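Now for the letters of each chain:
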Protein chains: 2
Amino acid sequence: MQERQGLIIVHTGNGKGKTTAALGMGLRAWGQGMRIMVIQFIKGGWKYGELTAIEKLGPNYVIRPMGEGFVKGAAENELPAHQLAAREAFQAAEEEIKSGNWDMVILDEINYAIGMKLVSVEETVRLLEQKPEELHLVLTGRNAAAEIIDRADLVTEMKEIKHPYQAGIKAQKGIEF
Amino acid sequence: MQERQGLIIVHTGNGKGKTTAALGMGLRAWGQGMRIMVIQFIKGGWKYGELTAIEKLGPNYVIRPMGEGFVKGAAENELPAHQLAAREAFQAAEEEIKSGNWDMVILDEINYAIGMKLVSVEETVRLLEQKPEELHLVLTGRNAAAEIIDRADLVTEMKEIKHPYQAGIKAQKGIEF
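## Quick notes on the interface of chain B and chain A
Part 1 of the reasoning: In this assembly, 55 residues from chain B lie in contact with 55 residues from chain A.
Part 2 of the reasoning: Carbon and sulfur atoms make up 62% of the surface buried where chain B meets chain A, a total of about 5,400 Å² over both sides.
Part 3 of the reasoning: Connecting chain B to chain A are two salt bridges.
Part 4 of the reasoning: Glu-50 of chain B is the salt-bridge partner of Arg-28 of chain A, the closest N and O atoms lying 2.4 Å from each other.
Part 5 of the reasoning: In this assembly, chain B and chain A are joined by 16 residue pairs in polar contact (both at pLDDT 80 or more).
Part 6 of the reasoning: Every element with two or more residues in the side of chain B that touches chain A is listed here: α1 (18–31), α2 (48–56), α7 (146–151) and β6 (154–162) of chain B.
Part 7 of the reasoning: Looking at the side of chain B that touches chain A element by element, the count peaks at ten residues for α1 of chain B.
Part 8 of the reasoning: Looking at the side of chain B that touches chain A, its residues break down into 24 nonpolar, 16 polar and 15 charged.
Part 9 of the reasoning: Pairing of strand β6 (residues 154–162) of chain A with β6 of chain B, which is carried by seven bridges, proceeds in the antiparallel orientation.

Shown next, in the form of structure tokens:
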């Protein structure tokens, strides 16, 4: 058995808790003195409460804001804005993963971005293969690709059993945002 | 549609992420300025990283340590120690839920405690019915009782698809503890 090994962790499924559990995992690691970087692949997927909370946790738990200025970029490149944002997020992910600055990198909603063909699954698999040995890498988002699941050490499916929308309850502060 | 309503949320299933997602949900709510109380029903279920992280978040995010001194109590009462600890945790839960001091209360591993007959499902259902209207209540643990799921607004099953133990990888700092 190996003593110290960075894991590839996937949170997938149609239920809630994929990003939230990654965030909680980051909080646990942060409590252990680790350094955590979050890259968001889908703009606006993260909510005010999370961003504020993580800002308060200081320099060891960071969200790298992606896609800033991408509208201008999109016009220049004639690429759909969301494709360019995903491309920028992927480049940021590569950079941060290889930087050695982090003990855990969370690629939030990358599975969804792969499913939408905004990110290539082959490139992602290559990135997984190149990750530093001790780095924990967390990939969230529904419909995780089989190629990603094959290479993961820990995969959890968050499955929706019941959702308050079904009962006509509005999105609640602190829960949905 | 009601504007502000406290939800009953259940994280169940055999996979990882039930407690971690509750913790992340607490972090999101904390970022929104809410006050969060965590009661742990199974001693030792929470790990060093989580406890340290939450201690750093200050007075609005608190874990109430349960079962302190319960060994002495168990001897006096001739009750198995774990039953007494669960009883104390349940009393603490009632107290904190009714106190009005919190916007979110997390009853960690209560489903497991109910499954082990350490906590009564009838009492828990009564507690759900008595909760303040605006309080968010989160119940974690595998094998959630049908009576609890019936009364919940949001239920997610965390399902294990793949676990690193299967590949002979040891528990990793920041992930498992």
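There is more to say, and it comes next.
## Comments concerning the side chain of Thr-19 of chain B
Part 1 of the reasoning: Topologically, Thr-19 of chain B is positioned in helix α1.
Part 2 of the reasoning: Here Asp-108 of chain B takes part through its side chain, which lies 2.6 Å from a polar atom of the side chain of Thr-19 of chain B.

## A closer look at the pairing of strand β1 (residues 8–12) of chain A
All names here are of chain A.
Part 1 of the reasoning: Most of β1 is tucked away, with five of its five residues classed as buried.
Part 2 of the reasoning: Taking every second residue as pointing to the same face, both faces of β1 are buried, with Ile-8, Val-10 and Thr-12 on one and Ile-9 and His-11 on the other.
Part 3 of the reasoning: Pairing geometry for β1 and strand β5 (residues 136–140), over four bridges, is parallel. When the sheet's bridge partners are listed, Ile-8 is paired in β5 with Leu-137.
Part 4 of the reasoning: Across four bridges, the pairing between β1 and β6 is parallel. Directly across from Val-10, in β6, lies its bridge partner Val-155.

Definitions and cut-offs
- Residues numbered from 1 in each chain as written.
- Chains lettered and ligands numbered in written order.
- Predicted model: local features only at pLDDT ≥ 70, side-chain atom pairs only at ≥ 80, totals over all residues.
- Heavy atoms only, no water.
- Contact = heavy atoms within 4.5 Å.
- Buried area = accessible area lost by both parts, 1.4 Å probe.
- Salt bridge = Lys/Arg side-chain N within 4 Å of Asp/Glu carboxyl O.
- Polar contact = N/O pair within 3.5 Å; in protein donor to acceptor, adjacent residues only side chain to side chain.
- Helix = DSSP H or I, 4+ residues; strand = E, 2+ residues; numbered from the N terminus.
- Nonpolar A, V, L, I, M, F, W, Y, C, P; charged D, E, K, R; others polar.
- Pairing = 2+ DSSP bridges.
- Buried < 20%, exposed > 50% of the residue type's maximum accessible area, 1.4 Å probe, protein only.

Everything listed here is a matter of geometry and, on its own, says nothing about what the molecule does.
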